[in-house]
Amino acid sequence: MSKNSIINSKPESKSFFDKPYFADNLDSGTNTPLLEKIVSLELDDNLSQEDIEIFNKILKGCNDLLKKKVNSHEFKINKYEFFELKFIEKKDIARYLIYRYKYRHFSKKNKIGKFPPCLQIEPTSVCNYRCVMCYQADKSFSNKSEGFMSNMSLDLYKKIIDQVEGKIESITLASRGEPTLNKEFVNMLNYSSNKFLALKMNTNASLLNEKLIHSILSTDIQSIVFSVDAADKETYEKIRVNGKFEKIMKNLNLFAKIRKEHYSKEKHIVKISGVKISDTQSLSEMEQKFKDIADVIAFVPYTEWESAYDNEENDLKHACQELWTRMFVWADGKVNPCDYDYKSTLSKWNVKNKTISEIWNSKEYDSLRQKHLDQKRNTIEPCIRCQN
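Scoring rules and cut-offs
- Residues numbered from 1 in each chain as written.
- Predicted model: local features only at pLDDT ≥ 70, side-chain atom pairs only at ≥ 80, totals over all residues.
- Heavy atoms only, no water.
- Helix = DSSP H or I, 4+ residues; strand = E, 2+ residues; numbered from the N terminus.
- Rg over C-alpha atoms; globule rule 2.2 N^0.38 Å.
- Buried < 20%, exposed > 50% of the residue type's maximum accessible area, 1.4 Å probe, protein only.
- Contact = heavy atoms within 4.5 Å.
- Core = buried A, V, L, I, M, F, W, Y, C linked by side-chain atoms within 4.5 Å.
- Arc of directions from axis to C-beta.
- Salt bridge = Lys/Arg side-chain N within 4 Å of Asp/Glu carboxyl O.
- Pairing = 2+ DSSP bridges.
- 1 Å grid on protein atoms, 1.4 Å probe; cavity = no way out; pocket = protein on both sides within 12 Å on 5 of 7 lines; lining within 4 Å.
- Points joined across faces, edges and corners; volume = space filled by probe spheres on them.
- Nonpolar A, V, L, I, M, F, W, Y, C, P; charged D, E, K, R; others polar.
- Phe/Tyr/Trp six-rings, centres within 6.5 Å; stacked < 30°, edge-to-face > 60°.
- Lys NZ or Arg CZ within 6 Å of the ring centre and 35° of its normal.
- Axes fitted to C-alpha atoms, helices over the stretch in contact; angles between N-to-C directions.

Caption draft 1: Up close: the overall build of the chain. Helix and strand counts for the chain come out as 14 helices and nine strands. Here the C-alpha radius of gyration of the chain, 21 Å, is about what a compact globule of 388 residues would show, namely 21 Å. By its C-alpha atoms, the chain is 55 × 50 × 40 Å across when sized along the principal axes. Across the 388 residues in the chain, those meeting the buried criterion constitute 56%. Taking the contacts inside the chain whose residues are at least 6 apart along the sequence as the reference set, 75% of them involve residues at least 24 apart.

So, in structure tokens, the structure goes:
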């Protein structure tokens, strides 16, 4: 367990969509017109047979909702997906919904495709913060002498993107480090533009300036997530060690000003997202503070990332969904099943010598999944210490 006094929340695996995690500004609008638009869609001739079957299931669920029938179907569009659909062009709606189905339901069926539904790529493992609930607080990881710190080259990044374009919709640029610290970050964004429906970046906003803001907003990135955990200086700076609240507010206000004056609000989803680690954090205060900056304001549940390898053992029997939904590529090319294992003890792969699809479908990856299904978490470190 963490020894930092500010952390008084217990780790949990509660859904991100449950209150009190989303502020009330997440308004999905009237859903009926969107449902009518979805059921009127014509199938793309280029869809695979599997994707056609998935989309037909989605259509049935939408038709049931329109007819106010009891929706017994396994896939029901949730509040956040309705919100995101407002930012998706009609020609891309089917692609988006098929991706969401795979992301949410393949794990329930213990099913894998040729590629992971979501790929998380880390431009850098380096960070300028030492947040109390983060891997960076572990000096055996963040000290340069330990060998975990690196920046991804643009060539390696392009190699990864070339492999997954047209195969994956969800790409997140972030993980253990602050992505904007990589000098090639803007080039990475530009290379990814117009290739994915769910391209996302996470940043602590510390390096935002006019040039970087324009560079980000001029791409087609769908989601821009600012990691901010509190609406007041004292709490923020206790959590985000090395962060300066006044600087972050200045940067975020500049971002909001440039976005309002030069870019369509319908082009990007801007989020303020914090980790709920303390009862001193207030979602209502966050909403009041950031409502003019972000479209979505939320907390995510606390996970003990900062002490993953020292946490108490769990007695969980269910398989971790991450093994079917997402894969992580570190800055040095290592591939890992999750970011709870931030020191890569589970990693047996590198994208420098294996493709994303080969790794995702490898015997080693399948063996890890099977151990989870066989309720053998207690044989795997650090899975035995994770609450998800």
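Caption draft 2: Region of interest: the environment of Leu 252. Assignment of secondary structure puts Leu 252 in helix H10 (residues 245-262). Here Leu 252 falls in the buried class, since its relative accessible area comes to 0%. For the pair formed by Leu 252 and Lys 376, sequence separation is 124 residues and the distance between their alpha carbons is 45 Å. Excluding anything up to four places from it in sequence, Leu 252 contacts Ala 205, Leu 208, Phe 226, Val 228, Ile 272, Phe 290 and Ile 293.

Caption draft 3: Quick peek at the nonpolar core. Counting residues in hydrophobic clusters, the biggest one holds 88 residues, and the most contacted among them are Leu 119, Phe 226, Leu 252 and Phe 290. Sorting elements by how many residues they give to this core places H10 first, with seven residues. Formed by 27 residues, the second largest nonpolar core is a distinct cluster that contains Leu 41, Tyr 103, Phe 106 and Ala 198.

Caption draft 4: Region of the structure containing helix H14 (residues 363-373). Taken residue by residue, H14 has Tyr 365, Leu 368, Arg 369 and His 372 as its buried positions. Down the axis of H14, the smallest arc covering the buried residues is 95°, so these residues share one side. Of the surrounding secondary structure, the elements contacted by the buried residues of H14 are helix H12 (322-325), strand E7 (326-329), strand E8 (334-336), strand E9 (349-350) and helix H13 (356-360). Once H14 ends, the next one or two residues include Gln 375, with phi positive near 60°.

Caption draft 5: Quick peek at the pattern of salt bridges. A full pass over the atoms with the stated rule returns 21 salt bridges. In this structure, the salt-bridge partner of Arg 95 is Asp 92, at a minimum N-O distance of 3.2 Å.

Caption draft 6: Main features of the pairing of strand E1 (residues 118-121). The alternating pattern of E1 places Cys 118 and Gln 120 and Leu 119 and Ile 121 on opposite faces, both of which are buried. Of the strand pairs in this sheet, E1 and strand E2 (residues 170-173) are connected by four bridges, and their pairing is parallel. If you follow Ile 121 over to E2, its bridge partner there is Leu 173. Relative to E7, E1 runs parallel, the two sharing four bridges. In the strand pairing of E7, Leu 119 is matched with Met 327.

Caption draft 7: Expanded view of the layout of surface pockets. Size it by volume and the second largest pocket reaches roughly 790 Å³. Around the second largest pocket, the lining comprises 26 residues; the ones closest to its centre are Leu 47, Asp 51, Lys 102, Gly 166 and Glu 169. Those elements that place two or more of their residues in the lining of the second largest pocket are helix H2 (49-66) and helix H4 (93-105). The leading source of residues in the lining of the second largest pocket is H4, at five residues. Residues that form the lining of the second largest pocket fall into these classes: ten nonpolar, four polar and twelve charged.

Caption draft 8: Expanded view of the packing of aromatic side chains. Inspection of the entire model under this criterion finds 14 aromatic pairs. Ring geometry for Tyr 236 versus Phe 245: centroids 5.5 Å apart, planes at 55°, classification tilted. Residue classification places Tyr 236 among the buried positions, given a relative accessible area of 0%. Following the ring pairs from residue to residue traces out a cluster consisting of Tyr 135, Phe 141, Phe 148, Trp 305, Tyr 309 and Tyr 342. A cation over a ring is seen here: Lys 111 above Phe 106, with NZ or CZ 5.4 Å from the ring centre. Sitting over the face of the ring of Tyr 191, Lys 195 holds its NZ or CZ atom 3.6 Å from the ring centroid.

Caption draft 9: The arrangement of the sheet that holds strand E4 (residues 223-227) in detail. With mixed pairing, nine strands are arranged side by side in an open sheet as E6-E5-E4-E3-E2-E1-E7-E8-E9. Each edge of the open sheet carries a strand with a single partner, namely strand E6 (296-301) and E9. Strand contacts of helix H11 (residues 283-290): strand E5 (269-276) and E6, with the helix running at about 150° to E6, the strand carrying the most contacts.

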